[in-house]
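Examining the three-dimensional arrangement
One-letter residues, chain by chain:
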Amino acid sequence: MSTARQQPDPRATLRAGLPDRYLTPADIAEIFEVPKETVYQWRRKHIGPPGFRIGKHLRYDPADVRTYVTQRKTADHDAA
């Protein structure tokens, strides 16, 4: 029987507290349950959580992602 190490759910990490690393586009796609290409489209259209580049790599600060979600929830609540 193999004992594979299971990755934590990124959404649970954001709910429980900020992770100790920057998030990748794959993490963002998993958190929001969208294809990774959608994350890249958000970036091109300047919508979605703000990201930044480290060399050629795109990363997201968990604090910025949390702020983005809070703003979206507030905007949706105000529109209702």
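The paragraphs below set out a description of the structure included in this document.

Rules behind the numbers
- Residues numbered from 1 in each chain as written.
- Predicted model: local features only at pLDDT ≥ 70, side-chain atom pairs only at ≥ 80, totals over all residues.
- Heavy atoms only, no water.
- Core = buried A, V, L, I, M, F, W, Y, C linked by side-chain atoms within 4.5 Å.
- Buried < 20%, exposed > 50% of the residue type's maximum accessible area, 1.4 Å probe, protein only.
- Helix = DSSP H or I, 4+ residues; strand = E, 2+ residues; numbered from the N terminus.
- Expected span 1.5 Å × (residues − 1).
- Arc of directions from axis to C-beta.
- Polar contact = N/O pair within 3.5 Å; in protein donor to acceptor, adjacent residues only side chain to side chain.

Regarding the nonpolar core
Core analysis: the biggest nonpolar cluster contains nine residues, these being L23, I28, A29, I31, V39, W42, L58, Y60 and V65. Put simply, the parts of the chain that give this core at least two residues each are α2 (25-32) and α3 (36-45). Tallying contributions element by element places α2 first for this core, with three residues.

Here's the deal with helix α4 (residues 62-79)
Its 18 residues give α4 an end-to-end C-alpha distance of 26 Å, which sits within 8% of 26 Å, the value for a rise of 1.5 Å per residue. Along α4, the residues classified as buried are P62, V65 and Y68. For α4, the buried positions fall inside an angular range of 115° around the axis, keeping them on one side. Exposed and oriented more than 90 degrees from the buried face of α4 are Q71, H77 and D78. Of the residues that open α4, the one with a side-chain oxygen 2.9 Å from the backbone nitrogen of A63 is D61.

Purely geometric stuff here, so don't read any function into it on its own.
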